[in-house]
Amino acid sequence: MSQTITIDPVTRLEGHGKITIQLNDQGEVADAHFHVTQVRGFEKFCEGRPFYEMPSLTARICGICPVSHLLASAKACEAIMAVRIPHTAAQLRRLLNMAQMVQSHALSFFHLSSPDLLLGMESDPAARNIFGVAAARPDLGLAGIGLRRFGQHIIELLGTKRIHTGWVVPGGVTEPLAAAHRDEILASIPQAYADLKLALTTYKQIAGSFKQEISVFANFPSNYLGLINEDESIEFTDGTLRLIDPQGAVIEDSITASRFTEQFGEADENYSYTKFVYYKPLGYPQGSYRVGPLARLNIVKSMGTPQADKELAEFKQLATGPVESSFFYHHARLVEALYGLENIERILADPLILDKHVRAVAGVNRLEGAGQIEAPRGTLNHHYKVDENGKMTWASLVVATGHNNNAMNKGVLQSAKAYVKDGKFTPGALNRIEAVIRTFDPCLSCSTHAFGQMPLALTLVNADGEVVDRLVS
């Protein structure tokens, strides 16, 4: 008889989700899905608010990546204001973005994924966590904690708080960088380099023992999307989007934030509250693609910093074209974190980094604006419309998890077919299927929203559990 295997919840993720695997009468995998089970609808909450509140409002979407929403939102607001922010403000925002990327990649690699990589997919679930890693490899446990602390402390020094800082505002930032804080960050960089290089060395030593996982962890041809500079180097805060095909050829280039909603749509599936983003000219699902560290390294020609460029060259030796297996998101994450450290050092060497002019001021000069950046997990786009008084009338937020949604579901199906046979499976097999999702490091808190109408249903139930009344807006 057919049956359904349910993994609920999927563990070591940011947010709540589950996986269902449908078996046919012969016990073979017929289908599998990754379900995001929460709906938040935060776009609708923004309507009627003054546009200049949007960075602080949207940062509350997530406690893991609030910096990403702060920056994308501020850029959308600045498009409405029609202003260019001061040079020093732009540099300080890049510094903030790099700190966010380093701490987020450290969280993903050390806290969420390293238990599988270091302790084994079949290891005892009670020990398969960051505490188990720290017990087995104290040096790596300390490195993971140290790198995350490094990034978060920079955020705190810049914006006074590690989470939900109000420092980024439309027009720039609220306060300049203090010399003492600059020097404190610079003093902490050598240890951060040591921690990251330990992670890279360890990963390369163990990656070869995961050949089977590499072959079935969302290992298939796909398109890839990411920000890029004019010199084809990686970019996180500015630049324009490039979309490439499975062979690495450019499908479309120079996609600005304002053109994003023209070129990309969102499809619905009845098994998840997260939408499926696709490139409109190719349609859905043919126009699906991947974003994030793997996609970015597949797209760019260089990192733009010496040590990261050497690592990028080694990464690109993994395949003759784009690297396809999502297992290599782990590798790409560490390369990007190294770039982040080098870039932080370079930004702090800017002779204008302590300049006091860090904010431009303007009102509503346009009724529509969009901003996009690269969040740690991938491309993030905010698009707003306002009335003449600057009150929000419409918002669209497209996050990395939506971009990757189709690839995650295909990856779950691919791995389920590899690890579930004749209706039989082991706990380690199910952990491997979960681990496919962990390679993407989705942020499920950010991922669900309502585009257009969001009906609200209120049900009144009496003490006996009987429905007394029901109202649907």
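As the structure is a computational prediction, the values presented were derived from the model and not from experiment. (Residues numbered from 1 in each chain as written. Predicted model: local features only at pLDDT ≥ 70, side-chain atom pairs only at ≥ 80, totals over all residues. Heavy atoms only, no water.)

Some words on the overall build of the protein
Test applied: Numbering of helices and strands runs from the N terminus; a helix is a DSSP stretch of H or I covering at least four residues, while a strand is a stretch of E covering at least two. Radius of gyration: C-alpha atoms only; globule rule: 2.2 Å multiplied by the number of residues to the exponent 0.38. Whether a residue is buried, partly exposed or exposed follows from its accessible area with a 1.4 Å probe, protein chains only, as a fraction of its type maximum: under 20%, in between, or over 50%, in that order. Here, residues are in contact when the closest pair of their heavy atoms is within 4.5 Å. To measure how exposed things are, a 1.4 Å probe is used in the Shrake-Rupley method; for residues, cover is taken only from the protein chains shown.
When helices and strands are counted, the protein shows 15 helices and 16 strands. Radius of gyration (C-alpha) of the protein: 22 Å, near the 23 Å computed for a compact globule of 473 residues. Each principal axis of the C-alpha distribution contributes one length, and for the protein these read about 70 × 60 × 50 Å. Looking at the protein as a whole, 58% of its 473 residues qualify as buried. Put simply, 69% of the contacts in the protein that link residues at least 6 apart link residues at least 24 apart. If you sum the accessible surface of the protein, you get close to 18,800 Å²; carbon and sulfur atoms cover 53% of it.

Observations regarding the side chain of Ser113
Topologically, Ser113 is positioned in helix 4 (residues 87–119). Ignoring anything within four residues of it in the chain, the contact list for Ser113 reads Arg12, Ser108, His330 and Arg438.

Here's the deal with the packing of helix 4 against helix 14 (residues 427–440)
This is how it is decided: Here an angle of 0 to 180 degrees is reported between the N-to-C directions of two axes, which are lines fitted to C-alpha atoms, with helices fitted over the stretch in contact. Any angle between 65 and 115 degrees counts as roughly perpendicular, while under 35 counts as roughly parallel, over 145 as roughly antiparallel, and the rest as oblique. Take the far helix as the reference: if the near one is turned anticlockwise from it by less than a right angle, the crossing is left-handed, and if turned clockwise, right-handed.
Across the interface, helix 4 lies against helix 14 with an axial gap of 11 Å and an inter-helix angle of 140°. The angle between the axes of helix 4 and helix 14 places the two elements in the oblique class. The two elements helix 4 and helix 14 cross, and the hand of that crossing is left-handed. Counting all contacts with helix 4, which are made through Leu112, Ser113 and Asp116, the residues of helix 14 involved are Asn431, Ala435 and Arg438.

A word on the nonpolar core
Selection criterion: Note on terminology: a nonpolar core comprises buried Ala, Val, Leu, Ile, Met, Phe, Trp, Tyr and Cys residues joined through side-chain atoms within 4.5 Å.
The biggest cluster of nonpolar side chains holds 126 residues, and the ones touching the most others in it are Ile21 and Phe34. What Ile21 contacts, discounting residues up to four positions off in sequence, is Gln3, Thr4, Ile5, Val29, Asp31, Ala32, Ala416, Leu430 and Ile433. If you look at the next biggest cluster of nonpolar residues, it comprises 13 residues, including Leu227, Ile255, Phe260 and Ala400.

Some details on the sheet that holds strand 7 (residues 240–244)
Using the following cut-off: Paired strands, in this sense, are two strands between which DSSP finds at least two bridges.
Reading across from one edge, 8-7-6-11 is the order of the 4 strands in this open sheet, with mixed pairing throughout. Among the strands making up the open sheet, the edge pair consists of strand 8 (250–255) and strand 11 (289–290). By the bridge criterion, 2 bridges tie strand 6 (residues 223–228) to strand 11 in an arrangement that is parallel. Bridging from a neighbouring strand, Asn223 pairs with Tyr289 of strand 11.

So, the packing of helix 3 (residues 66–81) against helix 4
Worth spelling out the cut-off: Three categories are distinguished: nonpolar for Ala, Val, Leu, Ile, Met, Phe, Trp, Tyr, Cys and Pro, charged for Asp, Glu, Lys and Arg, and polar for the others, with Gly belonging to the last.
In contact at an axis separation of 9 Å, helix 3 and helix 4 are set at 150° when each is read in the N-to-C sense. In terms of their interaxial angle, helix 3 and helix 4 are classed as roughly antiparallel. Crossing of helix 3 over helix 4 shows left-handed handedness. Only Arg93, Leu96, Asn97 and Gln100 of helix 4 make contact with helix 3, whose side of the interface consists of Val67, Ser68, Leu71, Ala74, Lys75 and Glu78. Residues belonging to the contact of helix 3 with helix 4 are distributed by class as follows: 4 nonpolar, 3 polar and 3 charged.

So, the pairing of strand 6
Within strand 6, 6 of the 6 residues are buried, leaving the element largely enclosed by the surrounding structure. Of the two faces of strand 6, the one carrying Asn223, Leu225 and Leu227 and the one carrying Tyr224, Gly226 and Ile228 are both buried.

Thoughts on the sheet that holds strand 3 (residues 29–36)
A sheet is described by the order of its strands in space; here 3 strands give the open sequence 1-2-3, paired in antiparallel fashion. Across the chains shown, the open sheet's two edge strands, defined by having one partner strand only, are strand 1 (3–7) and strand 3. Each strand of the sheet is rotated relative to its neighbour by a mean of 15°, with strand direction disregarded. As paired elements, strand 1 and strand 2 (residues 17–23) share 5 bridges and run antiparallel to each other. Opposite Ile5, over in strand 2, you have Ile21 as the bridge partner.

Notes on empty space enclosed by the protein
The cut-off we apply is this: As defined here, a cavity is a set of points on a 1 Å grid over the protein atoms alone where a 1.4 Å probe fits but cannot get out. A pocket is an open set with protein on both sides within 12 Å along at least five of seven lines, and residues line them when an atom is within 4 Å of a point. Grid points are joined across faces, edges and corners, and a volume is the space filled by probe spheres set on the points.
For the structure shown, the criterion picks out 4 cavities of 30 Å³ or more. Estimated volume of the largest cavity: approximately 90 Å³. For the largest cavity, the full set of lining residues is Cys65, Ser68, His69, Ala375, Arg377, Gly378, Leu380, Val399, Ala400, Thr401, Cys443 and Cys446. Put simply, the parts of the chain that give the lining of the largest cavity at least two residues each are helix 3, strand 13 (378–386) and helix 13 (400–419).

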